[in-house]
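One letter stands for each residue in the lines below.
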Amino acid sequence: MREEPVHISDAQINEDLTRSLRRPSLLFVLVILALLVVLGVGVILYVYMVLSGMGVAGINRPVQWGLFIASFVFWIGLSHSGTLISAILRLTQAEWRRPITRGAEAMTVFTVAMGALYPLIHLGRVWKFYYIIPIPDGRGLWPNFRSPLVWDFMAITTYLTGSLLYLYLPMVPDMAVLRDRSTGLRRQLYTLLSLGWRGTEQEWRHLHRTLGVFMVVILPVAVSVHSIVSWDFAMAIAPPTWHSTIFAPYFVAGAIYSGLALVVTIMWLLRWGFHLENYLRADQFNNLGKMLFMMSIIWFYFWFSDALTTWYGRVPAEFETLRQTILGPFLPFFVTMILCNFVIPFATLGFRRVRTTAVGFVVSLLINVGMYCERFLIVVPGLAHGRLPFNWRDYAPTYVEIGIIAATFAGFILLYLLFTRFFPAVAIWEIKEGQLLRSTRDVAGVKLPTITRTE
Amino acid sequence: MPDPSSGTRKWGMVIDLDRCNGCEACVVACRVENNVAVAGADECGKGRQAYWIRVERYWHGEFPNVRASFMPILCQQCQNAPCEPVCPVYASYHDRAEQVNAQIYNRCIGTRYCANNCPYYVRFFNWFDYWFDPVVPTINVAYTNPMRMGLNLDPRRNQLNPDVTVRSRGVMEKCTFCIQRIRRARLDVIKQGGFQSADGIEHVKVPDGAVQPACVQTCPTGALVFGDLSDPESAVSKLATSERRFRLLEELGTEPVVIYLKELRP
């Protein structure tokens, strides 16, 4: 695989990066149709659940939160890395980030969108969901600001808005490129979205300054979102193993980990699907793979310090929950989690040959399988085996839950595919800017860089 | 005048485990008094049964030397309740006047967070609309079953207690210490010359024994005793000082007002 960037002409860059916007292949259309079917089934199941009652899902007493909440944590976790990695790499001016940023930011927006559905999906009376919104009403009743669910609601809306803007802002110059090269309805769309961008010196300065503010502000927002998701659990005293001080950093680490893995997955698919071999090169996959390797160690460190404290402490209820997780009915999920989250990535991602080949793609998929198990193991065992053994009960999801969850997976892929149909998945101007930065000019016999600095 | 929020009036219950024989009459009485739905055998099998008071049975020893012990568990009406702060819409809240954990069904949106955060498992979610529907998980019973279209043909509807709300699907419900009985007793006292202050809280003394939740009223062995813990002369206060006393999961700091009595046997 090519390591070093090659010089590509501007016209060729436009051609390569807008290839996905042209007439889709038959396979693409078929995939879209299949996804629509899965989505449709999920919507029907959801309507069925709302009309008849939450009882058609597998949740029970005491496992009042099941796969829905596990999926919620999973999706919000996935959303983490897109914006985060793009902001961190922009801040540190890592040159290899250029082909990754757009795809990662879009991933964040769509995963948050899917995650934000779950608090609504799992509500017993979804038709009253607006009770949680702080709107002045005749009763003078505000939401309970002490409840982590209200923090959650606010954190997620903030993050969704922020990451949407952070996706859109750096897209404006590309919209202008597309506006100038399209006709008809599409031209109208891009004209609207390009906000009259002409590419003047002042416009670029404004864009870079705004991005500079945004990437600093979005970092604490991203960290706070997953901390707050963890506090949904850590603030609860009753389910054993939930009430843990390590949960916030542990969730943030897990979120960065799973999100990074999804970035790797998506980058491989973009490379193969849209023939971006000259843009997404070994350089990118090598660096992303190293970050994954590091995150696998950090994730295991957090998990291990939490588990060891519980194990050694021998507090009866907490110890029993941990024992059920490791040796009891949750054993298959536990083994999958440890294998996929630590053993396999740790053993393989140390090798450059793994990071830069399709094996790296497989490992990135496995990591998210493991992370899904991890989310499940955080939510369910503490509920299923609580302090009064008379009330112990296991949990198995029904077809309704699985169908609805499958629909959100289909929804994410669908949104992403449609995104690539309308917007370039790799930022055109960032690639061109990178090329310009690397190029040199002959000035009076001396080779000088074209631009010393842009940002 | 006592400040109603300072906890000077404190309803409480003493459960004498040495008297309980596990007959479950309290469970039946509670179901009738509070319109607690019958979920049906299938739903019970899935763990969706609701009973605001239950009798937990634990076995001791190995067969044939087996002994059963019974433990009636209802909402412990914690004075530092974990279920209250987690509710995003104040459906689970602390009633200042009576110092009990109340649940406002109209506000509940069904996040089920309160039930997750209850170490005693005494909160019950309405997984379906249970009321007198022959088949429970059908698509909207409200439209397919004539009995739910206002016709009220099912005579079993007449057994419902008019003082207690019938809960719809998607809301959480729980023991209220039969707050409808407490309020009625207070009204009776007001009628006989008590008074009500401007903030709507009745500063009146209900005589000891005038209020009995359904479970207490029914208990044949007198294992359950109810009263005002702030009144040192009440029967419940006297029992609560017993050296046999303990509170369930006291180490969590929830400050329950249900006090258990049990003789420690070697």
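Conventions adopted
Every residue gets a number counted from 1 within its own chain, in the order that chain's sequence is written. Chains and ligands are labelled by the order in which they are written, letters from A for the one and numbers from 1 for the other. In view of the model being predicted, local features appear only for residues whose pLDDT reaches at least 70, and side-chain atom pairs are presented and counted only at 80 or more, with totals across whole chains, interfaces and linings using the full set of residues. Secondary structure counts use DSSP, requiring at least four H or I residues in a row for a helix and at least two E residues in a row for a strand, with both numbered from the N terminus. Burial is judged by counting the other C-beta atoms within 10 Å of a residue's own C-beta: 20 or more makes it buried, 12 or fewer makes it exposed, and any count in between marks it as partly exposed, with every C-beta position built from the backbone. Contacts are defined on C-beta atoms placed from the backbone: any two residues whose C-beta positions lie within 7 Å are in contact. Our radius of gyration looks at C-alpha atoms and nothing else; its globule reference is 2.2 Å times the residue count to the power 0.38. Only strands joined by at least two bridges in the DSSP assignment are considered to pair. Remark: nonpolar core denotes a set of buried Ala, Val, Leu, Ile, Met, Phe, Trp, Tyr and Cys residues whose joining runs through C-beta atoms within 7 Å. Just so you know the grouping, Ala, Val, Leu, Ile, Met, Phe, Trp, Tyr, Cys and Pro go in nonpolar, Asp, Glu, Lys and Arg go in charged, and all remaining residues, Gly too, go in polar. The angle between two axes is taken between their N-to-C directions and runs from 0 to 180 degrees, where each axis is a line fitted to C-alpha atoms and a helix contributes only its stretch in contact. Between 65 and 115 degrees an angle is taken as roughly perpendicular, under 35 as roughly parallel, over 145 as roughly antiparallel, and anywhere else as oblique. Crossing handedness is read from the near helix: turned anticlockwise from the far helix by less than a right angle, it gives a left-handed crossing, and turned clockwise, a right-handed one. To estimate the expected span of a helix, count its residues, drop one, and scale the result by 1.5 Å. Here the bend at each residue means the angle between axes fitted to two seven-residue stretches, the one ending at that residue and the one beginning there.

Attention now moves to the overall build of chain B. Each helix and strand counted, chain B has eight helices and ten strands in total. Buried residues in chain B amount to 41% of all 266 residues. By sequence separation, contacts in chain B at least 24 residues apart represent 61% of the contacts at least 6 residues apart.

Here we come to the overall build of chain A. When helices and strands are tallied, chain A shows 16 helices and two strands. For 455 residues, the compact-globule formula gives about 23 Å, and the C-alpha radius of gyration of chain A, at 24 Å, lands near that figure. Expressed along its principal axes, the backbone C-alpha trace of chain A runs to roughly 85 × 55 × 45 Å. Of the contacts made within chain A by residues no fewer than 6 positions apart, 79% connect residues no fewer than 24 positions apart.

On to the sheet that holds strand β8 (residues 224-228) of chain B, then. The strands making up a sheet are joined through hydrogen bonds of the backbone, oriented either antiparallel or parallel. Residues and elements named next belong to chain B. As summarised here, the arrangement of the four strands in space is β8-β1-β10-β9, forming an open sheet in which the pairing is mixed. Because the sheet does not close on itself, it has two edges, and the strands there are β8 and β9 (245-246). Where β9 lies against strand β10 (residues 258-261), two bridges are found, and the strand directions are antiparallel. What sits directly across from Arg245, in β10, is Leu261.

All right, on to the nonpolar core then. Grouped together as the largest cluster of nonpolar side chains are 185 residues, with contacts concentrated most on Tyr257, Leu260 and Val263 of chain A together with Leu74, Cys215 and Leu224 of chain B. Per-element tally for this core: the top contributor is helix α9 (residues 247-273) of chain A, with 17 residues. Not counting chain neighbours up to four residues away, the residues in contact with Leu260 of chain A comprise Ser81, Ile85, Leu288, Met291, Leu292 and Met295 of chain A.

When strand β2 (residues 53-60) of chain B meets strand β3 (residues 67-74) of chain B, the two strands line up antiparallel, connected through eight bridges. Looking across to β3 of chain B, one finds that Arg57 of chain B is bridged to Phe70 of chain B.

Our next topic: the interface of chain B and chain A. Contacts between the two partners involve 39 residues from chain B and, on the opposite side, 39 residues from chain A. At the level of secondary structure, the elements contributing two or more residues to the side of chain B that touches chain A comprise α3 (83-86), α4 (113-116) and β6 (123-125) of chain B. Ranked by residues supplied to the side of chain B that touches chain A, first place goes to α4 of chain B with three residues. Here the residues of the side of chain B that touches chain A are counted per class, giving 23 nonpolar, eight polar and eight charged.

Moving on, we come to the packing of helix α3 (residues 67-91) of chain A against helix α4 (residues 101-121) of chain A. Working note: a packed helix pair is described by the angle between its axes plus the distance between those axes. All names here are of chain A. Between α3 and α4, the least distance of the axes is 7 Å, while the angle of their chain directions is 155°. Taken together, the axis directions place α3 and α4 in an arrangement best described as roughly antiparallel. Like other packed secondary-structure pairs, α3 and α4 cross with a definite hand, here left-handed. When grouped by side-chain class, the residues that make up the contact of α3 with α4 number 14 nonpolar, ten polar and two charged.

All names here are of chain A. The terminal C-alpha atoms of helix α12 (residues 331-348) lie 24 Å apart, and with 18 residues this matches the ideal 26 Å at 1.5 Å per residue to within 8%. Largest kink in α12: about 40°, centred on Leu339. Considered for burial, the residues of α12 that qualify are Met337, Cys340, Asn341 and Pro345.

A few words now on unusual backbone geometry. For the bond running from Arg61 of chain A to Pro62 of chain A, omega is 15°, close enough to zero to count as cis. With respect to the helices, strands and loops of the structure, Pro62 of chain A is situated in the loop between α2 (26-52) and α3. Between Phe63 of chain B and Pro64 of chain B the backbone carries a cis peptide bond, its omega angle lying at 5°. Its place among the elements puts Pro64 of chain B in the loop between β2 and β3. Phi at Phe177 of chain B is positive, roughly 60°, even though this residue is not glycine. With respect to the helices and strands, Phe177 of chain B occurs in the loop between β7 (172-174) and α6 (179-191).

Among the residues of helix α11 (residues 316-326) of chain A, those classed as buried are Ala317, Glu318, Glu320, Thr321, Leu322, Gln324 and Thr325 of chain A. Where α11 of chain A is buried, its residues touch α10 (282-313), α12 and α14 (358-384) of chain A.

Residue and element names in this part refer to chain A. By the element assignment, Thr420 lies in helix α15 (residues 399-422). The class for Thr420 is buried, based on 21 C-beta atoms found within 10 Å. If we ignore the near neighbours within four places in the chain, the residues touching Thr420 are Ser20 and Ala425.

So, about the pairing of strand β1 (residues 11-16) of chain B. Residues and elements named next belong to chain B. Counting buried positions along β1 yields six of six residues, so the element is predominantly enclosed. Residues Trp11, Met13 and Ile15 line one face of β1 and the alternating positions Gly12, Val14 and Asp16 line the opposite face, and both faces are buried. Here five bridges tie β1 to β8, and the two strands are oriented antiparallel to one another. Within β8, the residue paired with Ile15 across the bridge is Leu224. In terms of strand pairing, β1 meets β10 through four bridges, oriented parallel. Counterpart to Val14 in the pairing with β10 is Ile259.

Attention shifts here to the environment of Asn106 of chain B. Positionally, Asn106 of chain B belongs in the loop between β5 (100-103) and α4. We classify Asn106 of chain B as exposed; it has 11 C-beta atoms within 10 Å.

This next bit is on the environment of Ser230 of chain A. Residue and element names in this part refer to chain A. Tracing the chain through its elements places Ser230 in helix α8 (residues 201-234). When the 25 C-beta atoms within 10 Å are taken as the criterion, Ser230 is described as buried. Each C-alpha atom, one on Ser230 and one on Ile378, is 9.9 Å from the other, the two residues being 148 residues apart in sequence. When sequence neighbours within four positions are dropped, the list of residues in contact with Ser230 reads Phe247, Ala248, Tyr250 and Phe251.

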